[in-house]
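# Breakdown of the fold
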Amino acid sequence: MYRRWIEGLLRARYGRILGTMAGIAVTVAFLATLGAFLRTSAATMTARAVASVAIDWQVELLPNADPAAVDEALRQAAPVKAMLPVGYADVGGFEASVGGTTQTTGAGKVLGLDAAYFSAMPGQVRPLLGPLAGVLLTQQTAANLHVEPGGTVVVHRLGLSDVSFAVDGVVDLPNADQMFQAVGAPAGAGPRAPPDNVMILPSLPWHESFDPQRSTRPDSIHSQIHLRLMHSGLPQDPVAASIVAGNQGRNLESRVAGAALLANNLAARLEAVREDALYAKLLFLFLGAPGVALAALMTAAVAAAGNAERQRDHALLRLRGATLSQVFGFAWAETLMVGLGGAILGVMLSELAGRFLLQTSTVSPKGLLWTIVAAVAGIGLAAAVVLWPTWRNLRGSTVTEARRDIGMRETPLWARVYLDVAFLVLAGIAFWRSAAAGYQVVLAPEGVAATAVDYGSFLAPFLLWAGLGLLTIRLVEDVLRRGRPAVARVLLPLAGRLSDVVAATFARQSRRLTAGVALAALAFAFASSTAIFNRTYEHQTLIDAELTNGADVAVTGAAAAPASAVRDKLAALPGVVAAQPMQHRFAYVGSDLQDLYGIDPNRIDEATNMSDAFFAGGNARATLAELARTPDGVLVSQETVNDYQLGPGDSINLRLQNQADHQYHVVPFHLVGVVREFPTAPKDSFLVANATYVAAQTGSAASEIILLRTNRKPALVVSEARAAVASLPGVKVSGIDDAVQGISSSLTAVDLAGLTRLELSFALVMVAAAAGLVLALGLAERQRSFEILVAVGARPRQLGAFVWGEAGLVLVGGASIGLASGWLVAEVLVKLLTGVFDPPPEAIAVPWIYLAAVLGGAALAVAVAAIGFTVSAGGGIEGWHEG
């Protein structure tokens, strides 16, 4: 019996069945592929976080510890990939005599490293000059002493006589903060900055020189073990990986209690990423949830369009003796058919979307859970749009109910209480609260990324979506029912002399038409808000990468080998449209050594973007102009202004190293502004000044950095620039493409390309379906009315007045309201997620081409639906033209 019922539905109601099934399939596919994005983005966060940790564990041996026992405990606590000892020695300072002058430094540290350390811990020590072996000085120490490879440095040991070493090379310590952290100290109790002066010795001479110091000053000597662990056993999910890494560290601490202290860098990084994983969920909720809801609403609209037919079918069954339970059983059969069919089709579609848009599988063992959840949700949606209306109709199918007065429709409760206005007001309050409180998704004190999520901020976009949707329904229905003359005037180009009649018809059918316009508006709003946010995110990611790298291509040298020596070669490279020099020196603010950048404020923007967000005044042009007008002007970072209680106009004395005697001398400056960000600068403390003034005060006009703007692919220019600087030792050439992959914060490093392709593809389909399908279903619902009009002599052109009038209403009304709503929602999303962007966007970026494609796709879908219905109802294209 049920089989014959299903066969009859497929023969007689195939349009309704296939439409409902397609809507469920889109919902399931979208939900499953969004789940795949969550899974892959979480795995990407974990992988990038693990790769960014140079030393997984730092284990500091306590006095009288047994190194062999600690070694055994380490191997039992976690799978070890590399394990090497490191010696730390505090020294009174360094001294060097060069060119008849003697330079000295303050206190510093001497590290003792095995030769295998450099390969086992890649990225910890970066060579600049000379080989990565022997006695090495850090770049700042070499600059302070003015020593190059081959020079001699005297080390002032504590409590012992001095020792001398011949320098073999100059290096940089990219992870100095981690290398010199206080192991075992509470968070925030360690030193604020690594030492300014550092020497690296091979293990044997280090022990020969500093083992005696351990006897006289044991507090000045520390021994650590640096480890890299095997990461293959870590889960891909950052939450699970953080738990595993933390448990491994606690296992070690229980084994070495009283003998060693642990700095679990891996667990700390994963803990940050564990919080960062919330960002992917934010994207899912902010960007994905409206799409899922829209797909569900479209499915409900398709199913609702067949309610009249379904009620007639059930009435015929009742007349032929079917019981309520049998009729309900038939509804169950239809629900299972469309639910299972839509779920299967949706899973297949999600696999295709996952493969082509996200480069992942949604039916693999790792992604199967989300797919199952999506399929179950699709079956539940089928029950909601088919089974529930049937049960409600059967429950109310009584004689009394049938005789109810069909008078004026009652205004819905939400409209009577103005719920739409209340939602919009509450959305404004929630948005103002978040904006006034300076809400940031990313909080990064001292340059360390940590995430805080204010869940109250979800109220603003949620209430805005709901309020705009309800307001659309109110406005459209009011216009159709009460603005008949205005509607008639608007329809005049399409309906001609029948515009008054068509407007009257629209007024009588305002509820059905309003639902169609509202659904189309929601589809346009989803497509436009998603596209604008994603385009803004993509644009800001490039700005962030340029900020990190400095420009499209950055050439970075050192004081001994400045990049300005080859500026002319670099400027002559094909595709280089600007080559601006930038000094990178060091200056003491009080006792704090900070990076100092010397620029030409009138021309720096030729090579790199100068965003208004870089400067406290919010005006890059005005700030740089003020710096140019003040020869001894300096821009000071926000942190330095706060630490030293400075303000614009204050005089500030900095200590800069002079080229003539290589000593630090006091140089007066005037503070002309506050800088928050600057190309290549660190996140915390730095200074920006006029290059001409810095050159005059230091006796050197050399520029350590050259910033290149290109009109070719940066990767090609990078390759040619490396060949041009091959004669300069230690010069580094980097491109913006590398910076995109290496942005420090895992939040901004989330690759939205796959999610963007997914959402924009589905959004385009949903807009076309919402506009075209809703129109087609509405016209099909009135098929009998149009057939009567044709039977009584209505000509195709007269019939077309109704069809094209409704088509224009759905397209123009839905597009205008939806695009405006989407623009507003995108503004709110970008504002709420401002902390994700570094720097914050000055304005949203609008993908005009995509929005034009969305509008064109919707227009095409509406035209196809209108022409198809006109042809079928009016006797063919020939009849249309003859009319």
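See the structure above.
Residues numbered from 1 in each chain as written. Predicted model: local features only at pLDDT ≥ 70, side-chain atom pairs only at ≥ 80, totals over all residues. Heavy atoms only, no water.

## A word on unusual backbone geometry
Under the convention used in this document: Numbering of helices and strands starts at the N terminus; helices are DSSP runs of H or I of at least 4 residues and strands are runs of E of at least 2. Any residue under 20% of the maximum accessible area for its type is buried, any over 50% is exposed, and the rest in between are partly exposed; the area is computed with a 1.4 Å probe on protein chains only.
Of note in the backbone geometry, His 146 takes a positive phi value of approximately 55° without being a glycine. With respect to the helices and strands, His 146 occurs in the loop between α5 (139–145) and β8 (152–156). Among the residues examined, His 146 registers a relative accessible area of 30% and is labelled partly exposed. Of note, the phi angle at Gln 645 is positive, near 55°, even though the residue is not glycine.

## Points about a nonpolar patch on the surface
Short version of the rule: Distance thresholds for patches are 9 Å for like charges and 5 Å for nonpolar side chains (Val, Leu, Ile, Met, Phe, Trp, Tyr), applied to residues having over 30% relative accessible area and no salt bridge. The method behind every accessible area is Shrake-Rupley, applied with a 1.4 Å probe, and residues are considered shielded solely by the protein chains displayed. Note on definitions: salt bridges are taken to be side-chain nitrogens of Lys or Arg within 4 Å of carboxyl oxygens of Asp or Glu.
On the surface, a cluster of nonpolar side chains totalling about 590 Å² of accessible area is made up of Trp 332, Leu 336, Leu 340, Ile 344, Leu 345 and Met 348. When you line up the elements, Leu 340 lands in helix α11 (residues 324–358).

## Thoughts on helix α23 (residues 691–698)
The condition is simple: Every residue pair with non-hydrogen atoms within 4.5 Å of one another is taken to be in contact.
Along α23, the residues that are buried comprise Ala 691, Tyr 693, Val 694, Ala 695 and Thr 698. Looking at the packing, one finds that the buried side of α23 touches β17 (576–589), β18 (592–599), β20 (651–657), β21 (664–675) and β22 (686–690).

## Some words on the sheet that holds strand β7 (residues 136–138)
Hydrogen bonding along the main chain pairs the strands of a sheet, whether they run parallel or antiparallel. Here is the rule: Paired strands, in this sense, are two strands between which DSSP finds at least two bridges. Helix axes are fitted only over the stretch in contact, all axes being lines through C-alpha atoms; the angle between N-to-C directions runs from 0 to 180 degrees.
Taken in spatial order, the nine strands line up as β6-β10-β7-β11-β5-β2-β12-β1-β13 in an open sheet, and their pairing is mixed. Of all the strands in the sheet, just β6 (126–129) and β13 (260–264) have a single pairing partner and so form its edges. Here the strands of the sheet are splayed against their neighbours by 30° on average, with no regard to which way each runs. Its contacts with the sheet put helix α7 (residues 203–216) on β2 (80–91), β5 (108–113), β11 (198–202) and β12 (221–229), and the angle it makes with β11 is roughly 115°. Running at roughly 175° to β13, helix α8 (residues 238–255) makes contact with β1 (57–61), β12 and β13 of the sheet.

## Looking at the side chain of Thr 530
Inspection of the secondary structure puts Thr 530 in helix α19 (residues 510–549). Given a relative accessible area of 1%, Thr 530 falls into the buried group.

## Section: the pairing of β17
The element β17 is extensively covered by neighbouring structure, given that 12 of its 14 residues are classed as buried. Two elements, β17 and strand β23 (residues 705–710), share six bridges in a ladder whose sense is antiparallel. The residue bridging Pro 581 from the neighbouring strand is Ile 706, located in β23. The turn linking β17 back onto β18 is made up of two residues, and Gly 590 within it adopts a positive phi angle of 65°. Looking at chain direction, β17 and β20 are connected through two bridges and run antiparallel. Looking at β20, one finds that Ala 587 is bridged to Leu 656.

## Let's talk about the packing of aromatic side chains
Formally: Ring pairs are drawn from Phe, Tyr and Trp, using the six-membered ring of Trp, whenever the two centres fall within 6.5 Å, and their geometry is named by plane angle: stacked under 30 degrees, edge-to-face over 60, tilted for the rest.
Scanning all chains against the criterion turns up eight aromatic pairs. Ring centres 6.1 Å apart and planes at 80° place the aromatic pair Phe 30 and Phe 526 in the edge-to-face group. In this pair, Phe 30 sits in helix α2 (residues 14–52) while Phe 526 sits in helix α19, placing the two residues 496 residues apart along the sequence. Residue class for Phe 30 comes out buried when judged on its relative accessible area of 0%. Given a relative accessible area of 1%, Phe 526 falls into the buried group. Here the aromatic rings of Tyr 88 and Phe 180 are separated by 6.0 Å at their centres, their planes lie at 85°, and the arrangement is edge-to-face. Here Tyr 88 is found in strand β2, whereas its partner Phe 180 is found in the loop between α6 (176–179) and β11, with 92 residues between them in sequence. Phe 180 shares its class with Tyr 88; the two are buried.

## Description of the nonpolar core
As a reminder, the rule being used: The set of buried Ala, Val, Leu, Ile, Met, Phe, Trp, Tyr and Cys residues whose side-chain atoms join them within 4.5 Å is what this entry labels a nonpolar core.
The biggest cluster of nonpolar side chains holds 78 residues, and the ones touching the most others in it are Phe 30, Met 766 and Tyr 850. Counting 28 residues, the second largest nonpolar core, distinct from the first, contains Ala 77, Ile 225, Leu 234 and Ala 241.

## Some details on the packing of helix α16 (residues 459–482) against α19
Put simply, the rule reads: What sets the label is the angle itself: under 35 degrees gives roughly parallel, over 145 gives roughly antiparallel, 65 to 115 gives roughly perpendicular, and the rest give oblique. Note on convention: near helix rotated counterclockwise from far helix by under a right angle means a left-handed crossing. Clockwise means right-handed. In this classification, Asp, Glu, Lys and Arg are treated as charged, Ala, Val, Leu, Ile, Met, Phe, Trp, Tyr, Cys and Pro as nonpolar, and every other residue, Gly included, as polar.
Viewed as axis vectors pointing N to C, α16 and α19 meet at an angle of 140°, and their least axial separation amounts to 9 Å. What the angle tells us is that α16 and α19 run oblique. α16 and α19 meet at a crossing whose hand is right-handed. Mapping the contact onto sequence places Trp 465, Gly 469, Thr 472, Ile 473, Val 476, Glu 477, Leu 480 and Arg 481 in α16 and Ser 510, Arg 511, Leu 513, Thr 514, Val 517, Ala 518, Ala 521, Leu 522, Ala 525, Phe 526 and Ser 529 in α19. Its residues assigned to classes, the contact of α16 with α19 comprises 11 nonpolar, five polar and three charged.

## As for helix α24 (residues 714–724)
Helical periodicity: at 3.6 residues per turn, an α-helix aligns residues three or four positions apart in one direction. What counts is decided by this rule: Working note: the arc is built from the helix axis to C-beta atom directions.
For α24, the set of buried residues is Pro 714, Val 717, Val 718, Ala 721 and Ala 724. Along α24, the residues classed as buried sweep out an arc of 120° about the axis, all on the same side.

## Some points on the sheet that holds strand β3 (residues 93–98)
In spatial order, the strands read β4-β3-β8-β9; together these four strands make up an open sheet with antiparallel pairing. Because the sheet does not close on itself, it has two edges, and the strands there are β4 (101–104) and β9 (163–166). Each adjacent strand pair in this sheet contributes to an overall mean axis angle of 25°, direction not counted. Looking at chain direction, β3 and β8 are connected through three bridges and run antiparallel. Across the sheet, the residue bridging to Phe 94 is Val 155, located in β8.

## Observations regarding the pattern of salt bridges
All chains considered together, the criterion is met by 12 salt bridges. With a closest N to O distance of 2.8 Å, Arg 355 and Glu 351 form a salt bridge. Linking Arg 355 with Glu 351, this pair stays in helix α11, spanning four residues, or about one helical turn. What makes Glu 351 buried here is its relative accessible area of 14%. Its salt-bridge partner being Asp 420, residue Arg 474 comes within 2.7 Å of it at the nearest N-O pair. Taken together, the residues span a long stretch of sequence, with Arg 474 in helix α16 and Asp 420 in helix α15 (residues 419–436) at a distance of 54 residues. Taking the relative accessible area as the measure of exposure, Arg 474 reaches 15% and is therefore buried.

## Regarding the environment of Gly 868
Following the sequence through the fold, Gly 868 ends up in helix α29 (residues 848–874). Assessed through its relative accessible area of 38%, Gly 868 is described here as partly exposed. On a C-alpha basis, the gap between Gly 868 and Ala 776 in space is 8.7 Å, while along the polypeptide they are 92 residues apart.

## A few points about the pairing of β23
For β23, the tally of buried residues reaches five of six residues, placing the bulk of the element in the interior. Strand direction decides the pairing type here: strand β16 (residues 553–556) and β23, joined by four bridges, are antiparallel. In the strand pairing of β23, Val 553 is matched with Leu 708.

## Some words on the packing of helix α3 (residues 67–77) against α8
Axis separation between α3 and α8 bottoms out at 9 Å; the angle between their running directions is 150°. Overall, the two elements α3 and α8 adopt an arrangement that is roughly antiparallel. The interaxial crossing formed by α3 with α8 has right-handed handedness. Note on element contacts: α8 touches α3 through Gln 248, Asn 251, Leu 252 and Arg 255, opposite Ala 73, Leu 74, Gln 76 and Ala 77.

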